[in-house]
Each structure stands twice: as C-alpha cells, then as structure tokens.
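Chains, contacts and geometry: an overview
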Amino acid sequence: MERAKSLVLSESAFYAAATASVTDQEKKSRRGVPRRFSSFNLNSTSIDNEPIVEAAKGFLSSACPELLTVLEDHSDERSARDRLVKIGRNLNASLRYGQEATERKKRGESALMEIWSPDEEEEYVGSEVERKLKTDANIKRLVKECHDLAMLLKSPSKVPTVRYGRTGIQMPIVTLGCMRFQQSWNRGGTPITTPEQLEDECQDNLVRILKHAIHCGVNHIETAMGYGCSELQLGLAFKTLFDEGVCRREDLIIQTKGGISSSTSKSDYKSQIIQQIKRLGLDYVDLFSVHGANTNDHYEWLFNHGDKGNLIDALRELRQEGKIRWIGFSTHAPSHVIKRLIESDAFDYLNLHYHFIGSYTASGDGEGTAEGTAEGTAEGNLDNIRLAHEHDMGVFIISPYDKGGRLYTPSHLSREIMLPEMEPMEYGSSWLWYHENHCQGDKAAPIHTIVCGAARPSDLDQPVMAALRSVTNEAKEDFQVVHRRIQERKDNTLGKEWNATWHVGLPNYSQSERNGFQIGNMVWLYNAIKVFGALDMAKDRYATLVGNSKKWDTEKSWKENVMGSPGFHWMPGCGYNPAHDYSSELKEVPEANKARVLEAMKFVHEWCSPESSKSMALEAGEEEKKTDGGEAMVVPLEWQVAYDMRPWTAFPER
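The text that follows walks through the structure, step by step, so that each part is easy to find. (Residues numbered from 1 in each chain as written. Predicted model: local features only at pLDDT ≥ 70, side-chain atom pairs only at ≥ 80, totals over all residues. Heavy atoms only, no water.)

Comments concerning empty space enclosed by the protein
Within this structure, the stated rule accounts for 2 cavities of 30 Å³ or more. Estimates place the volume of the largest cavity at around 110 Å³. Lining the largest cavity we find 17 residues, and of these Gly405, Thr409, Pro410, Ser411 and Ala534 sit closest to its centre. The biggest single contributor to the lining of the largest cavity is helix H22 (residues 535-551), with 3 residues. Looking at side-chain class alone, the lining of the largest cavity contains 10 nonpolar, 5 polar and 2 charged residues. (1 Å grid on protein atoms, 1.4 Å probe; cavity = no way out; pocket = protein on both sides within 12 Å on 5 of 7 lines; lining within 4 Å. Points joined across faces, edges and corners; volume = space filled by probe spheres on them. Helix = DSSP H or I, 4+ residues; strand = E, 2+ residues; numbered from the N terminus. Nonpolar A, V, L, I, M, F, W, Y, C, P; charged D, E, K, R; others polar.)

Let's talk about the pattern of salt bridges
Between side chains of opposite charge, a pair can form when the charged atoms approach closely. Evaluated as defined, the whole model comprises 48 salt bridges. Among the ionic pairs, Arg78 bridges to Glu201, the shortest N-O distance being 2.7 Å. Separated by 123 residues along the polypeptide, Arg78 in helix H5 (residues 77-106) and Glu201 in helix H8 (residues 200-215) bring together distant segments of the chain. Judged by relative accessible area, which is 40%, Glu201 ranks as partly exposed. We note a salt bridge from Lys403 to Asp402, for which the minimum N-O separation is 2.7 Å. A relative accessible area of 12% means that Asp402 is categorised as buried. (Salt bridge = Lys/Arg side-chain N within 4 Å of Asp/Glu carboxyl O. Buried < 20%, exposed > 50% of the residue type's maximum accessible area, 1.4 Å probe, protein only.)

Let's talk about helix H10 (residues 266-279)
Between its first and last C-alpha atoms H10 spans 20 Å; for 14 residues at 1.5 Å apiece the expected length is 20 Å, and the two agree. Looking at H10, one finds that the buried residues are Tyr269, Lys270, Gln272, Ile273, Gln276 and Ile277. Within H10, the buried residues cover an arc of 160° as seen down the axis, which keeps them to one side. The inward-facing, buried residues of H10 abut helix H9 (230-244), strand S5 (253-259), strand S6 (285-291), helix H12 (311-320) and strand S7 (324-330). Positive phi shows up at Gly281, right after H10, with a value of about 70°. (Expected span 1.5 Å × (residues − 1). Arc of directions from axis to C-beta. Contact = heavy atoms within 4.5 Å.)

Concerning the packing of helix H3 (residues 49-63) against helix H7 (residues 128-154)
Remark: H3 packs on H7, axes separated minimally by 11 Å, with the N-to-C direction vectors making an angle of 80°. Taken together, H3 and H7 sit at an angle that is classed as roughly perpendicular. Residues Phe59, Leu60 and Ala63 of H3 form the contact with H7, whose participating residues are Ile139, Leu142, Val143, Cys146 and His147. (Axes fitted to C-alpha atoms, helices over the stretch in contact; angles between N-to-C directions. Parallel < 35°, antiparallel > 145°, perpendicular 65-115°, else oblique.)

Here's the deal with the environment of Ala534
Structurally, Ala534 is set in the loop between helix H21 (519-532) and H22. Using a relative accessible area of 8% as the deciding quantity, one classes Ala534 as buried. For the pair Ala534 and Trp639, spaced 105 residues apart in sequence, the C-alpha to C-alpha distance is 6.5 Å. Those residues in contact with Ala534, other than ones at most four positions away along the chain, are Ile357, Ala528 and Ile529.

Read these as geometric descriptors, not functional statements.
Put into structure tokens, the structure is as follows:
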C-alpha cells in the first residue's frame, strides 16, 4: 500500500532534525543504530523545540495547509507556536515508537517486563508492514485533529452543556481551572497581593486563556483562595473582558473556593469569603466551595463547631445575602468522609477525583461490591458519584488530565492501547462524559463537568475538540472500541479475579491508625503501571507517600500526624516499609490476594521511590548507565513518556 505523501515527508523531516542533534555517544548506543526519532529532549523546557516546530510546519504544509495558514495568520503568535510544538511532539512520538518497536522485533527481542502477552505483541507491534500501517493510522487521526483545530480557531464554538444537578445551571462539560496560570502560589518569598507586582507577560497570558475559553463556549471559571494570586489576577482580567465587551458578567459561571481550619470561626469565614469576592471584582459568585473538606474534623468544623459557630452557617447567610448562589465542597478525602458530607444534604454540588485510571487519593477505598458494574469493581469514589446523583448534586471531576493519569504526558503503552481511535486525553474525557452509559448497575452515576487546568490557551484545544466530538456517533463508537480493548488488556494483564477483588479489605491511611499506610493507593499504582505503563504518574503520587513516611511519628497519635502536617490530608498516606510485618493491616484481605498485595507494594516501592528513580535508565537510550550495586533498572520503552504537551514551564512553577 502506498503511504501518504504527508507521512513520508514527516518521517524525512524528523530524520533530518533528529540526526542533526544526535551526539557521538548516542550514535554509539543502540548497537550502532542511530535513534532517528528518540533523540529529541521532549521535556517541558526542551531545547529541541525549534526543529520540532520546523518539522511540524513541513508536515502541515502537505497534510493540513489550512491549519498552517490559520497559525501563520493568528494574532497570538506564542499560542500558534505552542500548537506547532504539540503537533510536532505528537508526530515524533508515533514515529519513534513505531521504529523502536520494529527494530526490537527484528532483533528477535520481546518487550521488557513482559509488557505484552504474545497475542498482544502480535496485535500491537506486528510485522514491519503492519507497524507502518498502525503508525499511519495514528498520524491520519492527528491530521483530522488538525483540521478540527483549524475550524475551532477560525470560528467560535460552544461545548455541550448539561443540567448541573439541583443548581439548574446549564454547565459546560469542560471547565476552565485556574491553578496553572497565576504568577505565584504565594507559598514562599514575597507574596503577590497588588496589581503592581504582576508581570505583563503572565497577565496577558491569563487574559488570552480566558478569551480562548469564551471563544470555545467554556464559560465556567473555577479558582480558589489557595491558588496564590489567581483571584487577584482574575479580578483584573474580568474587568478587561467586561470593558472590551468580550462577555458580560451574566455570561460567566464563576466559582471560587476557600479552606477552613480548627481556628476558623463563622465570622472569620464569612469575612474571608467576602474578601475573596471583592478580590475577584464581583458582587457575587455563582458557586462557592469549601476547599479541602478532607477529614472528619472538617465535617465537625462545618456542622458542630461549638462556640466558634458552625461554618456551614456562614455560607448559608452569604447565600441569603446574595453573595453566593450555590454551595459545594471540594475534596481529597477518603470515600467514607465524602459519603458523610454528601449525606448531610447541605451541598448542591461537589468536586472530587474519579477517573478511568482510579480515584487518586481515594483509590482502593469503597464499600461496594463488584456485582452489577461494567468496570468489574466499585472501589474508589464510584459509590459517591451514585450517591451524589441521589441527592441531585452537580458532579465536577478534579484533575482528569493530571491526577487522572498525567494524560498530557502519556506513556507509549497508553497510546498503543487507545490509538488510532483516541488519544489518551480524549479517552479519559469521554470515559467521564459517557460514564452514565458504560457504568451499568441499579444506580445511575452521571458526571457533569471536568476541569482543564490551562497554563496556556492551547491547553484547552484537545479537551474542547473532544467535547465537540463527543456528541457524534463516530466518537461514541470509537469510545466503545477503546473501552473494550482496555477491558481485555486488564483481564490479560491482571486477571479477571484480581480486577474484581484487588481492593477488597485493603486499608488506606484512615484505617491504618498506627502507621498511616496508604496500601490501597499502592496497589492501585501497581495496577496502573501494569495496565497503562503509567510510571510517571505513579512516581509523582508515590513520592508524596515517601515524604509522608519520613515525617510520620509512631510516638504521636494518628490525628496528631494527620492534622499536624498542613499538606498531609491533601495527599495523604505513607509508603511501603520493607521491614514491616503487614499481616495485621491485611487481615481483611482475601487469602488469595495477600501475596500479590505484598508483591504490588514492593513493586511500587522499587520502581517509584525517588531513590530508585536516580538509578533508572531508559530502554533504547541509556543502557550504559550503572548504579553502585551494578546494572541500572531499565525502564521499558512502553512505560516511557511518549510526548509532553507542555511547550514551556507554567508561570507558578517557575
């Protein structure tokens, strides 16, 4: 079969750019075979962006000249360049994996760590001809996305909306999150509290993000007092938008959040919220959330706070005064705490973690059984999604693209499973939007909106295009294909019985009073690596468990440990201790699962602890690397990051 001219040109462009940047050391590696596409440094501050951009332009000149023209004429030059970087990195990832996997097979080698079963290796890697056809199909999908992006940039769009529970708000299914574009977190150094301290570059970027969101019909704007100077900058940006006639106040759904503590009184909380609304330059907010309702103590401060006054009453009074229209809560809590908050019936909506890959800090939690669920498990926050529906609450999903699998830096394995039908970001979105349909059972579990924490305007492109496509029959059919493929992958890799029961009896930190072990989370990370190759996500999460372990003091009470560290209840739990006897913690675990649970914890500790990461080498890259103890741990190609959709470092991370 003759390959499309655009695909041949893209390979040639990347070959020229990649070989030009190959070092002498790299030429010596890989058994003398130059790494045509893997030599790019694809991290978020890559020095290789220029050749990536040029290769992307060459590709678009043949594959989608319409988008190239739109980007060349775009008033926002930086965003246009960002989009070229993303297109180039996507291309590079498909071409790189295709070549590396084919060369590995030619050498008669199998994937490391038994990534694929023999049948899967035949299906996903295949012969050289089959591999080229798969790569071509992946790139053809990218071409279609480029055409869709050209249309999006040329004409205003409107993402679908749904009724947001008992608020009655018509909520866009994509929300703009505001914790990635502010100038500072205000967690060290001189806090930014006045407009004079702001850099024009950062504020201009923020305004451009808002304008692009409104252009796409994403009119739900969600921030928090805890997001550094985000509220201050948004207040200035709203005035700009209103003054320029980009939108009116009533066109926007504005949400902010504020935290509470044991020392917060009702009057304190009320005053704090009024100051937040003033900082935003508004007379009212549509939605206000209790930020970080993460423990039973938070529940008590809201409803049983003694002489300080119940903090929920501050919110109720502000609603009566017209300063707040609807009340909700945002949470990283164990599932049983979230359940208690929902059952109070005091809230109109909630923000929580729940994703195709797990429920982040609540992964491994849950009281449900495997019966009657399409996913084979009712662990995590699934029962809370169902309970929220019973209370007619709006359901907002936190961090689907970061805590939901770092989908902006997916592994090659994730892409191989999901393409050519969907990129991981689209599948992760669709899994949530279609949740009521694929999560079968006696109780409905609809999800209303998912947040995109944009650091730059282009970060909204993929979520918005996925949302616009989600209403089509083609997208629904593509989702079903990928969904079935993932279910088969889970069964092949982990086994049906393990998939249905892995979480049964596992304690997380709230049930581990002596040591605060987050065992459910550790086993979840094991599953995520094995099925999706989500090593980078697992390393991020496990690093917090290791950090918490170093601070945990067994001489102190559970409550002293949990509440004594400001960040613990946000990213809770302690990691694996090789010297500990876990028989007590695993007493409720089915006998058939105990050995594998221990194996899973050890596996995660070995692969994800910060110390282990220092001694890792990449397959098809750093075989020469050694450790003090001998050979390095070699990260399989399939577990490596395929691309990074962050063209540059976000402002608050600088």
